[in-house]
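Listed below, chain by chain, are the residues.
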Amino acid sequence: WAESRRTDMPPTILGPVLLGQADVACTLMKDLTEKPQLNAEVVNNFVNQICHGDELLIWAQNYCSLAEVVQNQFCYYEGYKAQAGETFVQQLHRQMEEHFQECARSLRNQGVPEESANLSESSSAIQALSVLFQHMMKVHESAADSAAIENQRWKIRLEVNQNGACTKYHDDFVAIRLVASLAGDGTVLADNASVDWEYYDSCQGAIPELAEHTDTSAVEASRIIEAWNRRVTTSEMMTRCGDLTIMKGGKLTNRPCLHRAPYSAGEGMQAVRFLITVDRIPQTELNEFIDMEQEDSDEDEQVCPKTNIDSGELLPVTVLSGFLGAGKTSLLTHVLQSQHGLRIAVIVNDMAEVNIDAALVKNSAAALSSQDKMIEMQNGCICCTLRGDLIENVDKLAAEHRFDYLIIESTGISEPMPVATTFAHDDGHGQKLLGNVARLDTLVTVVDAKHFLREYNAVRRQKLVDRRELGAEQTDQRTIANLLVDQVECANVLVLNKVDLTSKREIARLEILLNKLNPKARIIHSIFGKVDPTLLLNTHSFDMAQAEQMPGWFQELLGNHVPESQEYNIASFVFRASRPFHPKRLDRLLSSGFSDVLRSKGMIWIACDHRFCLLWGQAGTSMRIEQGGPWFHGSVDPSQWPTDMSAEYRTATYGDRRQELVFIGTDMNEAHIRKRLESALVSDQEFNHGHDHWASWPNPFATSDEGTSNKIQKLGLKRPRSGKHAEVQVMKKTTTSEVCTKAAPKS
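The rules behind each value
Residues numbered from 1 in each chain as written. Predicted model: local features only at pLDDT ≥ 70, side-chain atom pairs only at ≥ 80, totals over all residues. Heavy atoms only, no water. Buried < 20%, exposed > 50% of the residue type's maximum accessible area, 1.4 Å probe, protein only. Helix = DSSP H or I, 4+ residues; strand = E, 2+ residues; numbered from the N terminus. Pairing = 2+ DSSP bridges. Salt bridge = Lys/Arg side-chain N within 4 Å of Asp/Glu carboxyl O. Expected span 1.5 Å × (residues − 1). Contact = heavy atoms within 4.5 Å. Arc of directions from axis to C-beta.

**Notes on the pairing of strand E14 (residues 405–409)**
Here's step 1: Counted residue by residue, E14 has five buried out of five residues, so it is predominantly covered.
Here's step 2: Of the two faces of E14, the one carrying Tyr405, Ile407 and Glu409 and the one carrying Leu406 and Ile408 are both buried.
Here's step 3: Sheet topology note: the strand E11 (residues 315–321)/E14 ladder contains four bridges and is parallel. Looking at the pairing, Val319 lines up with Ile408 of E14.

Take a look at the structure:
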């Protein structure tokens, strides 16, 4: 269907999509792969011809008519969870039977009539699906290169009544994809000959108007998408139920088949649709899909949330964080509307006097059931000023013993870790916290795939107070870049939202960066916050001890290096040295900054301060230097040093004093950065003078009476926050055991 429009070929307007019947499908498939001017083919009435009648289509329509009670998505991967000796056809048939039988049990538990529940385990329908899949795979294989398929595996997906599908025109980075609709509207194909390729390419997979207005309602977003689609192409074709669509992807041409889901399956619609997708992809890609979609699932059965809680159990809690506009409220609304069988309490925090997020959740259709409950907390942040109110509210909810689960949506400028520490048993000073009544189950950060890097690299070290819409207090001196890093580094689940608004390359680049910042977090893609609730509720995945070791910089110090991506030039390295920085040369180094470094953190030793280490923290264009705790050497008896302290520190002249910094960035010149750092160290001659001589050198990093570095004020770097924010920060940084033990790699 469409001219590939390669730059070395003159434009040629071709006729409509090539149509054919089932008996010539394999021939059509060969034509598609061999002729660059063809981009798609539609085989009319393929399903009925293969299955010798319309029984399968009738079954699919009746099954989908059960509406929201059968919203399912099943993925089958060749070899994954296969039994010994099984072929993929046998594996596929068995796993389909298991999935549909499980759905039937779920329908009966929900009170669906037996006749309707039986639809889900129809042996004749499952057999017909199996036959259909075999024929689709045969078509796919007909044009495959025998040498290329050795390392390729099948990936088959079934989607039943899934709304929120991608209704904007897009392409897929595959070689060939086969799609068939058994119920509902079919896939819509653009007439590539009428596509405005220059405009489509300029958008880089995003719709500009949606990218600029991230708070657009679903209705308005649908209108914008439809207008953008009409701008991309002036001609399109909707395939029919029962047709087989063969599409050429981006791996075979730079002008792949553009397609979209029907508007009836878009955001906010009650989709009645049964869609099948068949791909054959390299084993490495298949493994990535398995890691993303099946990680942490039980080997024998699907993990589902508990539907009740005993009075003696702790109330499980999921905390949602993320910067303003990332999509936390959309995610929360989706979870509340899902069929999870849980009685959920919700706490929504907003900095403003009017809790807009809470209002949005309330106004969403059927978001809160009669068994759910919402508590609004506004005019402050639960990580600091409203922390006491949070403890009080969670205590009350747990005492009611009528909720299975609690979800807390924090404000866009909240740091997750202070909220997480609220779920300890006490604060170490006798003050009881929430550990006796609730447990933190999952800590989720929603990341805006379209705008994260732009906000991260905000110019002029932009602070939260510089953006009035964030509602930060005037005493809050945090920068946006540091907040974004804090939100990412301690989460154990990262939801990469709005992936439809940016290109696949940018998404891959952002994933690599997030993995550098937090290598242990699970990354989930979403559009409009659509995420399987089982990935967020009752996962039992949050562990405070592990969370403290999650940040990428900490893992690097421990020697757990995350491999670089050469394709996107994102890398990291550790700088270590056993001699101090010269304060004046370090001063000049910090003033000039580091280009292409996205994140750096660690501890440093300056010659003029022999007692305390300094904590180095940089995010984007924002730099922070703060006083840490005392070094062990000279302040703690060696017999009391941690047992895993490296032996070299016990015998070194200056003990555990050292430089230990991690750098993460794109296109970094590691050799140049190392050279600049080394040039800021004391020279051999200066080192021989000893610390008594160094103590006479001026210290530009000396702290004031308020505990704030004078140099930090001069450079305009981030200062410790006042009030309760400062209390949280002190807890993070002042103890010797935390600063020196955790940051020190084991010998």
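Alright, that's what it looks like, and here's the rest.
**Quick word on the pattern of salt bridges**
Here's step 1: Using the criterion set out here, one finds 27 salt bridges in the structure.
Here's step 2: Between Arg260 and Glu236 there is a salt bridge, and its shortest N-O distance comes to 3.0 Å. Placement of Arg260 in strand E9 (residues 259–260) and of Glu236 in strand E7 (residues 236–238) is noted, with a sequence separation of 24 residues between them.
Here's step 3: Judged by its relative accessible area of 43%, Glu236 is partly exposed.
Here's step 4: Taking the shortest distance from any N to any O, the salt bridge between Arg658 and Glu660 comes out at 3.3 Å.
Here's step 5: Owing to a relative accessible area of 3%, Arg658 belongs among the buried residues under this scheme.
Here's step 6: Linked by salt bridges that have partners in common, Glu86, Arg94 and Glu98 make up one network.

**Some points on helix H4 (residues 88–109)**
Here's step 1: Between its terminal C-alpha atoms H4 stretches 31 Å, which fits the 32 Å expected from 22 residues at 1.5 Å a residue.
Here's step 2: Where H4 is concerned, the buried positions are Phe88, Gln91, Leu92, His93, Arg94, Gln95, Met96, Phe100, Cys103, Ala104 and Leu107.
Here's step 3: Contact partners of the buried residues in H4: helix H3 (55–64), strand E3 (72–77), helix H5 (114–118), helix H6 (123–141), strand E4 (152–160) and strand E10 (274–282).
Here's step 4: Immediately beyond the C-terminal end of H4, within one or two residues, lies Gly111, with a positive phi of roughly 85°.

**Observations concerning helix H9 (residues 218–232)**
Every α-helical turn comprises 3.6 residues, leaving residues that sit three or four positions apart pointing alike.
Here's step 1: Between its first and last C-alpha, H9 extends 21 Å over 15 residues, near the 21 Å set by a 1.5 Å rise per residue.
Here's step 2: Buried residues of H9: Ala221, Ile224, Ile225, Trp228, Asn229 and Val232, and no others. Buried residues of H9, seen end-on, are gathered within an arc of 140° and therefore sit on one face of the element. Residues of H9 that are exposed and point more than 90 degrees away from the buried face comprise Val219 and Arg230.
Here's step 3: Buried residues in H9 make contact with helix H7 (197–203), helix H8 (208–212) and E9.

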